[in-house]
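Chain by chain, the residues run as shown.
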Amino acid sequence: MKNAERSICPFCSMGCTLFIRPGTGAPYVGQEGIPALDYDPEGHVNRGSLCGKGNMALELMTHPHRLQTPLLRLDGELRPASWDAALDTLASEIERIRNADGPDAIGILAGPCLSNEEAARAATLAHRIGTPHFDFCLPEDRVILGGIARSRAHPEPVTSVEEIDAMTAMLVVGDLFTLAPCIAKPILNARYERRHNVLGVLGFWKSRTALFGKPLLRNRPGREAVVLALLLATALDDVGGRSVPWRAEARMVLDGLDRATLQDLAGVETADLAWLLDALRTEERSGVFVGCGFAETERVDLVAGLAALLAEATGSRFLSMLTGPNSRGVHRAVLEAGFPKAGGLTSPEMLEAAGTGDLTAIVSFGCDPLSSLPGRLADAAAEKLELVAVTGAMPSETSRVADVVLPSAVWGEKTGTTWSAFGEAGALVEAMPPPGAARPDGAILADLGARLDDAPDAPDAPRIGRGRRGFFDDIDLHVRMEQRELVGREVGTHLLLPEFVPSHSGDGLFTRHLSWPRHEMPEPVIALSRAHAAELEVQEGDHVRVRSREAEAVLKVRVELNLPDDVVLAPPHYPEVRRLTSWRLDTALRDLDLRPGRVSVEPIPEGTR
Amino acid sequence: MTSPNVVTKRIVLDLDRCTGCRACGAACHVGHHDQTNLVPGKVADVALLPVHCRHCAQPACAAACPTGALYTDEYGFVRRSELLCIGCRSCALACPFGVIPDEFVRHVAPKCDLCVDRVVEGGIPRCVAACTAGALSFVDLEETVGTPEYVGGRIQSRSTLRRA
Ligand code: SF4
């Protein structure tokens, strides 16, 4: 493709590449000046493929909802403003709050859409303001990264798709093909190219990925952690006196629970487990893959941590897929800059502190905290905060209540580097200029920083420091194992598990606006088992009322043959579904407790909707 | 059809590899200005597969079209004229494979054109390019039809529909 720029897909951590040809006229449109998208057969992770999200990359860039001008809230209403006015106002507001409440009344959030450099700049801004509260904000990804870090496992990472191509034993935890469809190609290459290979898929229902399981380890809903713990226990026993790169902590995970209990809880065929474990340990090229946000989660952090430990114990390579495009890079930038500092809060803690009035301002870059973390925490925060400033490419839940909204560039409109699931630095290119007055977050951060430099320094008095411990303090996984109940909270009758859809991503911030995801799933759908639907006397396409302890919602029914009767699935990309989940702060982990909750489902009588 | 331009390549699906992610549909949707010409087929609640237009040698859809909107072009592709199509759905009823979707966009029948714009330049259709699982390929029918795995537009499954 002539004049085409190779860009990175802006939707997940797989880091697929694609081509954008600016302004040469797309076929069927026949108009000059319309950019075109093309596939990249030489793309080293995707070899040309793009999933339902990736195909929308160009639409994101040219979308009519794109924010194109800075907005300031004047007399209660968001009004267009110049960049100078918007940045001056934001800088003086930050100054004012810093002087009045101290620098630690201000929280800074960084989202997964920033480049590594932009994340580092956001850290510099936090330094400059003097606040200890700076953190990465995308709950699903934070929790998984936290779980892996806490496990203190150091498995060999998968560094390229060619490694996957050559694998002869693999374990996939959860519905990875739905989260990052492009990973299917190398995994299926490995699955079909050799006769004697093993692709274990751990999951409770026949998801898109589970269909390919050989063996399919069908666990009880929400018991992935138990199966992984069981595999780990067996692996540890079997290695006996051999010297393995092993840690005392891993043993502790399992000490509290005896094998028979685990076996009983897991509900998976023992022979399958043995077959899989044997393959992972003896095959030279093996891998363990986890996807964040996989449908079948009990405690995402625990599942991820145990999977990492298992990879290490069996000498397999490890890959964890995240929903955010640069979650890994931004998270890393936050940690490398030493945040959150002593007394600093994590992102969910910031929302909590905002709700109690301890934090008066939140400035967020490249994320939408109120839609990522909906529910009571967010409602209280939105109510209490004096200053909400947000950069973003699209209108969001946060921009709706914000005082300053700054339009930002998306990938394909800015330069920088990223960090994909394969741990490689990807290069962002500016294939097209951002629409209207939108600017890259990096440029916004630089300008804002310069304005703050002009302002006099405020006294450095910590106000809401709670003497919290460091970010990844040693909270042993085994403690978590004992503390938690092994089933979801007992509200309602059915376990609500998140179902990702291949055309939607993460918190749905962008994908909610795009035409293909809307075509695929125009409204949120709840999947019920056939027996459950029969019991409620509802059919596919009917609407039902779903109640959880947190909220209630009206959702459209999809009947799913393979689902256990006590489980329902709903896509977390819709705010109404996200609100149904229990978003609680786990004070020991200092992160969200993303355990699935229970809901009750009722039919809606004809004509009352 | 004796035109020297005839393209004998067609889209073939490997049933063993399709994950049902619908990336092919998304690619079609993007490439055809929000008109999705590719229908998903549900197989007994087990799999969701794309069902491609075969571009038949004697197209039943064209025979059923009252306005002559459907025709075979110089490449041997069965095409639909946006201008002549009146959205009467005769083609959708006539198609033996059910590949013409019922959802009409801008009042005309969605109809696969094999991404002729790309194919004439030596490229491959968008759905094939985008396939995330390596399940779709664009191959010469004359070579494929003779092979034992090939059955009516698909590579026979070794395990897909039994893998459940
Ligand atoms: S798998 Fe991820 S990176 Fe690849 S096209 Fe899909 S969303 Fe983009």
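Residues numbered from 1 in each chain as written. Chains lettered and ligands numbered in written order. Predicted model: local features only at pLDDT ≥ 70, side-chain atom pairs only at ≥ 80, totals over all residues. Heavy atoms only, no water.

*Asks:* Would you mind going over helix H16 (residues 376–384) of chain A with me for this structure?
*Replies:* Because an α-helix packs 3.6 residues into every turn, residues spaced three or four apart end up facing the same way. All names here are of chain A. Of all the positions in H16, only Leu377, Ala378 and Ala381 are classed as buried. The buried residues of H16 occupy one face: seen down the axis, they fall within an arc of 90°. In H16, the exposed positions that point more than 90 degrees away from the buried face belong to Arg376 and Glu383. Tucked inside the fold, the buried residues of H16 contact helix H14 (347–355), helix H15 (369–372) and strand S25 (591–593). (Buried < 20%, exposed > 50% of the residue type's maximum accessible area, 1.4 Å probe, protein only. Helix = DSSP H or I, 4+ residues; strand = E, 2+ residues; numbered from the N terminus. Arc of directions from axis to C-beta. Contact = heavy atoms within 4.5 Å.)

*Asks:* I would appreciate a short explanation of the domain arrangement of chain A in the present structure.
*Replies:* One frequently used descriptor of interface size is the decrease in accessible area upon assembly of the parts. All names here are of chain A. Entries for chain A in the domain assignment read domain 1 (5–62), domain 2 (71–138 + 335–451), domain 3 (143–320) and domain 4 (472–603). For domain 1 and domain 2, the distance between their C-alpha centres works out to 27 Å. Across the contact, 18 residues belong to domain 1 and 18 residues belong to domain 2. The contact between domain 1 and domain 2 buries some 1300 Å² in all, and 72% of this surface belongs to carbon and sulfur atoms. Interface area lost by domain 1 to domain 2 is led by Ile8, Leu60 and Met61, which between them contribute 41%. For the pair domain 1 and domain 2, the number of links is zero salt bridges. Run the count over domain 1 and domain 2 and you get one residue pair in polar contact (both at pLDDT 80 or more). Mapped onto the side of domain 1 that touches domain 2, the elements with two or more residues apiece are strand S1 (5–8) and helix H1 (57–61). Top element by residues in the side of domain 1 that touches domain 2 is S1. It accounts for four residues. (Domains from an automatic or database assignment. Buried area = accessible area lost by both parts, 1.4 Å probe. Salt bridge = Lys/Arg side-chain N within 4 Å of Asp/Glu carboxyl O. Polar contact = N/O pair within 3.5 Å; in protein donor to acceptor, adjacent residues only side chain to side chain.)

*Asks:* It is not clear to me how the sheet that holds strand S5 (residues 77–80) of chain A should be interpreted in this structure. Could you clarify?
*Replies:* Note: strands within a sheet are paired through backbone hydrogen bonds, in either parallel or antiparallel orientation. All names here are of chain A. Ordered in space as S5-S4-S16-S15-S14-S6-S7, the seven strands form an open sheet in which the pairing is mixed. The two strands at the open ends of the sheet, each matched to only one other strand, are S5 and strand S7 (134–136). Ignoring which end each strand starts from, the neighbouring axes of this sheet average 20° apart. Where strand S6 (residues 106–110) and S7 come together, three bridges link them in parallel fashion. Its bridge partner lying in S7, Leu109 is registered against Asp135. Running at roughly 155° to S7, helix H13 (residues 327–336) makes contact with S6 and S7 of the sheet. (Pairing = 2+ DSSP bridges. Axes fitted to C-alpha atoms, helices over the stretch in contact; angles between N-to-C directions.)

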